[in-house]
Amino acid sequence: MPTAITLGLAQLINWGVSFYLPGAFAWRIAQTTGWPQTWVFAGPSLAMLVMAAVSPLSGRWLERMGGRRVMCTGTLVCSAGCATLATSTTLVQFYAAWCLLGAGMRLSLYDAAFATLAALYGSAARRPMTQITLMGGLATTVFWPLGSWLGDTWGWRTGVLVYGLIGLLAWALLRSLPPTPSRMPAASAARQPRSPLPWAPALLYCAVMALVSILSSGLAAHLTSLLGAHGLPVGLAALWGLGQVCARTLEWLTPRQTSAVRLNLVVGCGLPLCFALGLAGMSSMYAAGVFVFTYGALNGLATLLRAGLPLELFAHDAYARALGTLLTPAFALSAVAPWGYAVAREHWGDAAILWVSLVIGLLIAGAALTLRRMAPPAPVPQTLAETRPTP
């Protein structure tokens, strides 16, 4: 099985059994345990904070041990987290399970997969990166209905335990991956010169990804209720996922891919226009639908930029280290963004969600424009065939 398809299937499973688990089971957990929903949803927020704490270490582990070993370990940790969650009877056990899931997610989801592909294919990795996000984007389509059926049929504990068992299938898929290029042992790696990260592009990349994460996490938590507050069908929120898949498919099918730095500028300038449309058109179902679809498309491209920008900004041997270090603020801010949006909404009303998002979009546009001006020329694209080692 081709490497990109194997990784894509593993991503579909790992996203479904970990990150999207609350969408299928959180309300059932609150209902059967009697715990307040705020306490239950604190679990996923805790997982995001654990992801932020583990992120700098993950880059070093990916460099030293290779993507296959790290992702297999992360997948097993996620399965262990599911088993712990399924058997938890106290909040301490419940939060311990989410700590395991947070560590496992950082070692097994997109960013670890992107680092693995970068190590295997270098500058030609962008197309397979797009391919795995297409497959991973189907996680909610597969696992939310599956989780709902499991919860209705056997209860949430059995459902979460089944999720953990399904995670072992992802582990088996990852075991079949080719090993990433060998790294020097830890003792000699410390003495090996490492490619430096250019500080200005690194800070701008960090800022863009952190701001994009605030938007994604905050809107994911409040979009359906925002639509309902304006008397619009909450089913319009499904256009978010459709927009993501359409944008990623278009990017994948494009014969000559646009430079990631230029695409970042398109996304950065598109976000303020998107939220301006949202502010002007929330009274119309059609305008609101265009807004949700457009934001989904831009957010889908932003996920690709999270992987593609470091290929153009940093040396390939610094890729895993760059993602491990520079994405730490993004994980931390993702954990608190839903709460921050809720505070803004409580003080200034429903429209505050879109006004705050518009300001964040303008900041992203400014950072993207600055990055476009100072970024080095994009490397000449390679094909996957050119990157495969010769016998």
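Residue numbering note: each chain is counted from 1, following its sequence as written. Restriction of local features to residues with pLDDT of at least 70 applies here, the model being predicted, together with a cutoff of 80 or more for giving and counting side-chain atom pairs; totals for whole chains, interfaces and linings are based on all residues. To get the side-chain values, take all heavy atoms of the structure and skip hydrogens and water.

As named in an unreviewed UniProt entry, the protein chain is MFS transporter, taken from Pandoraea horticolens.

## With respect to the domain arrangement of the protein chain
In terms of domains, the protein chain is made up of domain 1 (1-179) and domain 2 (197-376). What fixes the domain bounds is an automatic or database domain assignment. For domain 1 versus domain 2, the distance between C-alpha centres works out to 22 Å. The contact rule is simple, with two residues in contact once any of their heavy atoms fall within 4.5 Å. Taken together, the 28 residues of domain 1 in the interface contact 34 residues of domain 2. Accessible area, probed at 1.4 Å, shrinks when two parts are joined; the buried area is that loss added up over both. When the buried area of domain 1 at its contact with domain 2 is split by residue, Arg126, Arg127 and Leu134 rank highest and sum to 28% of it. Salt bridge, as used here: a side-chain nitrogen of Lys or Arg that lies within 4 Å of a carboxyl oxygen of Asp or Glu. Inspection of the domain 1/domain 2 interface yields three salt bridges. Two residues, Arg126 and Glu251, come together in a salt bridge whose shortest N-O distance is 2.8 Å. For this analysis, a polar contact is any N or O atom pair within 3.5 Å, provided that within protein one partner can donate a hydrogen and the other can accept it, and provided that sequence-adjacent residues contribute only side-chain to side-chain pairs. Connecting domain 1 to domain 2 are seven residue pairs in polar contact (both at pLDDT 80 or more). Comment: elements are numbered from the N terminus, with helices defined as DSSP H or I runs of at least four residues and strands as E runs of at least two. Sorting the residues of the side of domain 1 that touches domain 2 by element identifies α3 (37-65), α6 (110-121) and α7 (126-136) as the ones contributing at least two each. Of all the elements, α3 adds the most residues to the side of domain 1 that touches domain 2, at eleven residues. Of the residues assigned to the side of domain 1 that touches domain 2, the class counts are 13 nonpolar, ten polar and five charged. Three classes are used, and their members are as follows: Ala, Val, Leu, Ile, Met, Phe, Trp, Tyr, Cys and Pro are nonpolar, Asp, Glu, Lys and Arg are charged, and the others, Gly among them, are polar.

## What to know about the pattern of salt bridges
Taken as a whole and judged by the stated rule, the model has five salt bridges. Ionic pairing is found between Glu63 and Arg321, a salt bridge with its closest N-O pair at 3.6 Å. Of the two residues, Glu63 sits in helix α3 while Arg321 sits in helix α15 (residues 319-326), which places them 258 residues apart along the sequence. Here Glu63 matches Arg321 in class, with each residue buried. The buried label applies to any residue whose accessible area, calculated with a 1.4 Å probe on protein chains only, is under 20% of its type's maximum; exposed applies above 50%, and partly exposed to all values in between.

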